[in-house]
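Below are the chains, spelled out letter by letter.
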Amino acid sequence: MFNWISNLFAVAALDAAIYSAGLASTGGMHQMKEPKGLQKLAEESKNCKNK
């Protein structure tokens, strides 16, 4: 019984964490700084698609 209750709370906490992280990234509130190498690859990819 204790395992069932603790598992229920653990699953609820995990779901709440995933939901709140999704809300933050959806609204643009959390934008991680991208490495310069990744930015360069993104620009090259955009330029390649436009040609």
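To keep things clear, this report deals only with the structure shown in the data block. (Residues numbered from 1 in each chain as written. Predicted model: local features only at pLDDT ≥ 70, side-chain atom pairs only at ≥ 80, totals over all residues. Heavy atoms only, no water.)

## A few points about the overall build of the protein
Here's step 1: Regarding its fold elements, the protein presents two helices and zero strands.
Here's step 2: Within the span of the protein, comprising 51 residues, buried residues form 0% of the whole.
Here's step 3: With the model as given, the accessible surface of the protein reaches about 5,000 Å², and the carbon-plus-sulfur share is 66%. (Helix = DSSP H or I, 4+ residues; strand = E, 2+ residues; numbered from the N terminus. Buried < 20%, exposed > 50% of the residue type's maximum accessible area, 1.4 Å probe, protein only. Areas by Shrake-Rupley, 256 points an atom, 1.4 Å probe, with all protein chains shown as cover.)

## A look at a nonpolar patch on the surface
Here's step 1: Together, M1, W4, I5, L8 and F9 give the surface a local cluster of nonpolar side chains, amounting to about 630 Å² of exposed area.
Here's step 2: When you line up the elements, L8 lands in helix α1 (residues 2-26). (Patch = residues over 30% accessible without salt bridge, like charges linked within 9 Å, V, L, I, M, F, W, Y side chains within 5 Å. Salt bridge = Lys/Arg side-chain N within 4 Å of Asp/Glu carboxyl O.)

The values reported here are purely geometric and, on their own, carry no functional implication.
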